[in-house]
Amino acid sequence: MEPRMMTGAEMVLQALVDQGVTDVFGYPGGAVLPIYDAIFQQEKIFHTLVRHEQGAGHAAEGYARSTGKVGVALVTSGPGATNMVTPLTDALLDSIPMVCITGQVATHLIGSDAFQECDTVGITRPCTKNNWLVKDVNDLSRILHEAFYVATHGRPGPVVVDIPKDIQFATGVYTPPDPRGHKTYQPQVKGDSAAIRAAIELIAGARRPIFYTGGGVINSGPEASKLLREFVRLTGHPITTTLMGLGSYPASDPQWLGMLGMHGTYEANNAMHDCDVMVAVGARFDDRITGRLNAFSPNSRKIQIDIDPSSINKNVRVDIPIIGDVKNVLADMLHVWKAEKPKTDKAALKQWWAQIDKWRSRNSLAYRNSRDVIMPQYAVERLYEATKGRETFITTEVGQHQMWAAQYFPFEEPNHWMTSGGLGTMGYGLPAAVGVQTAHPDALVIDIAGDASVLMTMQEMSTAVQHDLPIKIFILNNQHMGMVRQWQQLLHGNRLSHSYTEALPDFVKLAEAYGCVGFEVSKPGDLDGAIAEMIKVNRPVLFDCRVAALANCLPMIPSGKAHNEMLLPEATDAEIDSAIDDAGKVMV
Amino acid sequence: MNAQPTQSFVQPAKPPLERHTLSVVVDNEPGVLARVIGLFSGRGYNIDSLTVSETEHAAHVSRITIVTTGQATVIEQIKAQLSRMVPVHTVRDLTAEGGSLERELALVKVVGTGDQRNEALRLAQVFRADVIDANVDHFVFELTGKPAKVDQFIAIMGPLGLVEVCRTGIAAVSRGKRTD
């Protein structure tokens, strides 16, 4: 076959098409102009123009998380690349597959402190799975295909391909994706069968079992969620889910104990503490989950299924590690379980469920509602009621509103909940919603936001308007950085140092200025009507929901405490003020 | 399977530190060494010694030999973190495998005259160090051997006019016919 000759810029577009990409989020600049010129001359790749490169990164993350496909961002050299550092780190911590293409100054200028030059591969090395600087146009297509392979294989994550401007102009040979995969990077996807058998034996013999499942289930694809449901129902065991795993198991199922961890439910955390067998599925024992490490689930034997060997025994020692892709391992486990039909200890399990029901009856998500002021929890509950039965995707920023969204907005399906879990990036939700809406034009996409977070990437409202993306920004406006304020109450004698936003914009006027629709609601009685109207509007909306200013996000495991030492909603201010001791104070 | 639940905390009180020599085969590409070193600095691991060079030109492969110190759990993490890197072919723990060969080369400059100078030369002969440069008031010795031997030689040269040392870091290979 004739070698296919094309310019570097054309290769970028051809590689995207060959990798099945249909959408790119980006921002042009001097060092990527040849690629933008190639974009102009084709119709297969749709480009969404953001207002800040960080927005392109988070939009690509939202797109990836809601579709299971790779998110693609395209930015220029220098500041374009440095503005991508936050989304790249975010994607690395939350295992989101993302390919970021950056322009670079021409190869002969590299190292000369040229205009808009920075050491992009140096800067992004610690926040990517891998990155490449392309120095020869004949390497470009191979590297691009390798980038997609690395982003999607093993534990997914972000990669960067840095392309100097002269390489974009140069002509070379284009090679299609190599079906043989990668010469060195071949992560194990199938679990060890002896370990799987040992795990089944342990699960079957458990008296107080729990499944603890995380974002890895969602990353493994919808099949993994399906298999998880089947396996959990077959065993009859209780299951709890991390923040990143919400939706992998239906919230309406009675076997689900809710989210666990720092703001998880009383029943989930106590079950984790008292269990005798823990099955961690695609979850990495993050510090928000474990609480005080030397008091974490002290009497359990632990099984961990993870595709990343470095997640095993990192924070918590496990008894049976199973390295593999969740969907493959769960399929094998189901197969063994069905073949062997193991006998479970029905009497012990019944007792365990009775104990769990006792914890459940504490109703740890209770809150005192008000007639005069909108409680933030109530606002999320009403939002859920109004959207029930629709195809709804939720993104969030970071803070109290994020935890309230996780606690009060139940998810039935995976890929419908987009949040910045590991890095905790304020400003994630709005651009992520842009990405989600791009992938799902007809769905209802809501960013449950906070008044402080939303201002960090507010400019992306302009993106939403330009591209007819009717995202709904639902701001729980308590006029504070609520989680910072809560921690100042917990740790620093309620001295609210710089956690009060004294000059908030008029969000309705701001919405209008951007060409969006603005709502402001402050009375509980007006909430339902306004939400219904918001949903009806087929344009981007900023919804300023004025909520109680000083509400705390509870229940909570105070830092430095164990799972069975939770602060419950009925905690008094005095109890909250003294909840964290000196050892806990130094923890984040 | 243990009948009793095992201790599940990774960090019990003061576990002993271990010193391990890791042999890491990587693609000889720009940035790979930076990525490996960045892993150590970013995650707070120690590097006691680092040696790197291209070992197979045709295969475009380099070998990085790293000596590191840490608790057993940390050593396990280091190996897992290295293994999952895209340009890493293999990671071998030569210390865990046992019986590996370790050598280091040092260039040692000693300045002095008279008895001191004679004594330095005499000791260098005992250690089988070569003189690779000399004048009436200095020697440069080349010494190859186990790191402990190099340490000892440098310590002895201290009072005899030692002014400069350059060490290559440890090169290590396993015994027997096994290869990566």
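Bear in mind that the values here come from a model prediction, so they are computed numbers and not experimental data. (Residues numbered from 1 in each chain as written. Chains lettered and ligands numbered in written order. Predicted model: local features only at pLDDT ≥ 70, side-chain atom pairs only at ≥ 80, totals over all residues. Heavy atoms only, no water.)

Enquirer: How would you summarise the overall build of chain B if you had to cite specific residues and measurements?
Expert: Summing up its helical and strand segments, chain B has five helices and nine strands in all. Computed over C-alpha atoms, the radius of gyration of chain B comes to 20 Å, more than 25% over the 16 Å expected from 2.2 N^0.38 for 180 residues, which places it beyond the range of a compact globule. In terms of principal-axis extent, the alpha carbons of chain B reach across some 70 × 45 × 35 Å. Scored against the burial criterion, the 180 residues of chain B give a buried share of 41%. Pairs at least 24 apart in sequence give 72% of the contacts found in chain B among residues at least 6 apart. Carbon and sulfur atoms make up 52% of the accessible area of chain B, which totals about 9700 Å². Averaging the locations of the 19 positively and 20 negatively charged side chains of chain B gives two centres separated by 6 Å. (Helix = DSSP H or I, 4+ residues; strand = E, 2+ residues; numbered from the N terminus. Rg over C-alpha atoms; globule rule 2.2 N^0.38 Å. Buried < 20%, exposed > 50% of the residue type's maximum accessible area, 1.4 Å probe, protein only. Contact = heavy atoms within 4.5 Å. Areas by Shrake-Rupley, 256 points an atom, 1.4 Å probe, with all protein chains shown as cover. Lys, Arg positive; Asp, Glu negative; His and termini not counted. Charge placed at Lys NZ, Arg CZ, Asp CG, Glu CD.)

Enquirer: So what about the overall build of chain A? Which residues, and what values?
Expert: The helix and strand inventory of chain A stands at 24 helices and 20 strands. Over its C-alpha atoms chain A spans a radius of gyration of 24 Å, differing by no more than 12% from the 25 Å that the globule rule assigns to 588 residues. With the C-alpha coordinates aligned to their principal axes, the bounding extent of chain A is approximately 70 × 60 × 45 Å. Per-residue burial over chain A gives 61% buried out of 588 residues. In the form shown here, chain A has an accessible surface area of approximately 22200 Å², with 52% of it arising from carbon and sulfur atoms. Taking the average location of the 51 positive side-chain charges in chain A and that of its 64 negative ones, the two points are 7 Å from each other.

Enquirer: Residues and numbers for the sheet that holds strand β6 (residues 130-133) of chain A, please.
Expert: All names here are of chain A. Ordered in space as β3-β2-β4-β5-β7-β6, the six strands form an open sheet in which the pairing is parallel. Of all strands in the sheet, those with a lone pairing partner are β3 (46-49) and β6, marking the two edges. The average angle at which neighbouring strand axes cross in this sheet is 20°, direction not considered. By the bridge criterion, four bridges tie β6 to strand β7 (residues 158-164) in an arrangement that is parallel. Considered in β7, the bridge of Asn 131 is made with Val 160. (Pairing = 2+ DSSP bridges. Axes fitted to C-alpha atoms, helices over the stretch in contact; angles between N-to-C directions.)

Enquirer: Describe the pairing of strand β3 (residues 61-71) of chain B, naming the residues involved and giving the relevant values.
Expert: All names here are of chain B. Burial analysis of β3 places nine of its 11 residues in the buried class, which makes it a mostly covered element. Bridging between strand β1 (residues 17-27) and β3 involves 11 bridges; their strand directions are antiparallel. If you follow Val 24 over to β3, its bridge partner there is Ile 64. Bridge count between strand β2 (residues 49-56) and β3: seven bridges; the pairing is antiparallel. Each residue of the ladder has a partner; that of Ser 49, found in β3, is Val 67. Where β2 folds back on β3, the antiparallel hairpin that results is connected by four residues, among which His 60 adopts a positive phi of roughly 60°.

Enquirer: Explain unusual backbone geometry to me, using residue names and the numbers behind them.
Expert: Look at the link from Leu554(A) to Pro555(A): it is a cis peptide, with omega at -5°. In this structure, His60(B) is a non-glycine residue whose phi angle is positive, near 60°. When you line up the elements, His60(B) lands in the loop between β2 and β3.

Enquirer: How would you summarise the interface of chain A and chain B if you had to cite specific residues and measurements?
Expert: Of the residues lining the interface, 35 residues belong to chain A; the matching set on chain B comes to 25 residues. For the pairing of chain A and chain B, the buried interface totals around 2300 Å² over both sides, and the portion due to carbon and sulfur atoms is 52%. The largest per-residue losses of area from chain A upon contact with chain B belong to Arg125(A), Arg301(A) and Arg317(A), which jointly make up 26% of the total buried on that side. Inspection of the chain A/chain B interface yields two salt bridges. Put simply, chain A and chain B have 11 residue pairs in polar contact (both at pLDDT 80 or more) between them. (Buried area = accessible area lost by both parts, 1.4 Å probe. Salt bridge = Lys/Arg side-chain N within 4 Å of Asp/Glu carboxyl O. Polar contact = N/O pair within 3.5 Å; in protein donor to acceptor, adjacent residues only side chain to side chain.)

Enquirer: I'd love a proper account of the side chain of Thr240(A), names of residues and values included.
Expert: All names here are of chain A. Position of Thr 240 among the secondary structure elements: in strand β10 (residues 239-241). Here Gly 258 takes part through its backbone oxygen, which lies 2.8 Å from a polar atom of the side chain of Thr 240. Within polar-contact distance, the side chain of Thr 240 engages the backbone nitrogen of Leu 260 at 3.4 Å.

Enquirer: Tell me what's going on with the pattern of salt bridges, and back it up with residues and numbers.
Expert: Side chains bearing opposite charge may pair, as long as their charged atoms lie close to each other. Residues and elements named next belong to chain A. Going through the model one piece at a time under the given rule, you end up with 33 salt bridges over all chains. Across the salt bridge formed by Arg 155 and Asp 308, the nearest N and O atoms sit 2.8 Å from each other. Here Arg 155 is found in the loop between α7 (137-152) and β7, whereas its partner Asp 308 is found in the loop between β13 (301-306) and β14 (320-323), with 153 residues between them in sequence. The two residues Arg 155 and Asp 308 agree in class, both being buried.

Enquirer: Run through the side chain of Asp544(A), naming residues and quoting values.
Expert: Turning to its location among the elements, Asp544(A) is positioned in strand β20 (residues 541-546). Every residue in contact with Asp544(A), bar those within four places of it in the chain, is listed here: Ile475(A), Asn477(A), Phe507(A), Phe519(A), Glu520(A) and Val521(A).

Enquirer: An account of the environment of Arg84(B) is needed here, citing residue identities and associated values.
Expert: Relative to the helices and strands, Arg84(B) is located in the loop between α2 (72-83) and β4 (88-93). By relative accessible area, Arg84(B) is classed as partly exposed at 28%. For Arg84(B), the residues in contact, after removing those within four places along its chain, are Arg155(A), Tyr185(A), Asp308(A), Ser310(A) and Arg43(B).

Enquirer: For the packing of aromatic side chains, give the residues involved together with the corresponding values.
Expert: Residues and elements named next belong to chain A. Here the structure, examined in full by the defined rule, presents 16 aromatic pairs over all chains. Relative to Trp 359, the ring of Trp 352 lies with its centre 5.8 Å away and its plane at 90°, an arrangement referred to as edge-to-face. Across the pair, exposure class does not vary: Trp 352 and Trp 359 are buried alike. Seen from their ring centres, Tyr 367 and Tyr 408 are 5.8 Å apart, and the 85° between their planes marks the pair as edge-to-face. (Phe/Tyr/Trp six-rings, centres within 6.5 Å; stacked < 30°, edge-to-face > 60°.)

Enquirer: Lay out the sheet that holds β3(B) with the relevant residues and their values.
Expert: Residues and elements named next belong to chain B. The four strands lie next to each other as β2-β3-β1-β4, forming an open sheet whose pairing is antiparallel. At either margin of the open sheet sits one strand with a lone partner, and together these are β2 and β4. The average undirected angle you get between the axes of adjacent strands in this sheet is 20°. Against the sheet, helix α1 (residues 32-42) touches β1, β2 and β3, its axis set at about 5° to β3. Against the sheet, α2 touches β1, β3 and β4, its axis set at about 155° to β3.

Enquirer: Tell me what's going on with the environment of Arg546(A), and back it up with residues and numbers.
Expert: Residues and elements named next belong to chain A. Tracing the backbone through its elements, the reader meets Arg 546 in strand β20. Taking relative accessible area as the criterion, Arg 546 reaches 27% and is therefore assigned partly exposed. For the pair Arg 546 and Ala 439, spaced 107 residues apart in sequence, the C-alpha to C-alpha distance is 30 Å. The residues contacting Arg 546, other than those within four sequence positions of it, are Ile 374, Asn 477, Gln 479, Glu 520, Val 521 and Ser 522. Engagement of the side chain of Arg 546 in a polar contact is seen with the side chain of Asp 544, the distance being 3.0 Å.

Enquirer: Give a detailed account of the pairing of strand β15 (residues 392-396) of chain A, specifying residues and quantitative values.
Expert: All names here are of chain A. Counting buried positions over the five residues of β15 gives five, a clear majority of the element. Neither face of β15 is left uncovered, since the one carrying Thr 392, Ile 394 and Thr 396 and the one carrying Phe 393 and Thr 395 both have all their residues buried. Here five bridges tie β15 to strand β17 (residues 444-450), and the two strands are oriented parallel to one another. Its bridge partner lying in β17, Thr 392 is registered against Leu 444. As defined by bridge partners, β15 adjoins strand β16 (residues 417-418) across two bridges and the pair is classed as parallel. Of the residues in β16, the one forming a bridge with Thr 395 is Met 418. Handedness of the crossover joining β15 and β16 through helix α17 (residues 400-408) is recorded here as right-handed. (Right-handed = clockwise from strand over helix to strand, strands pointing away.)

Enquirer: Just give me the short version of α17(A), but keep the residues and values in it.
Expert: In terms of burial, α17(A) is a largely internal element, nine of the nine residues being buried. Within the span of α17(A), buried status applies to Gln400(A), His401(A), Gln402(A), Met403(A), Trp404(A), Ala405(A), Ala406(A), Gln407(A) and Tyr408(A).

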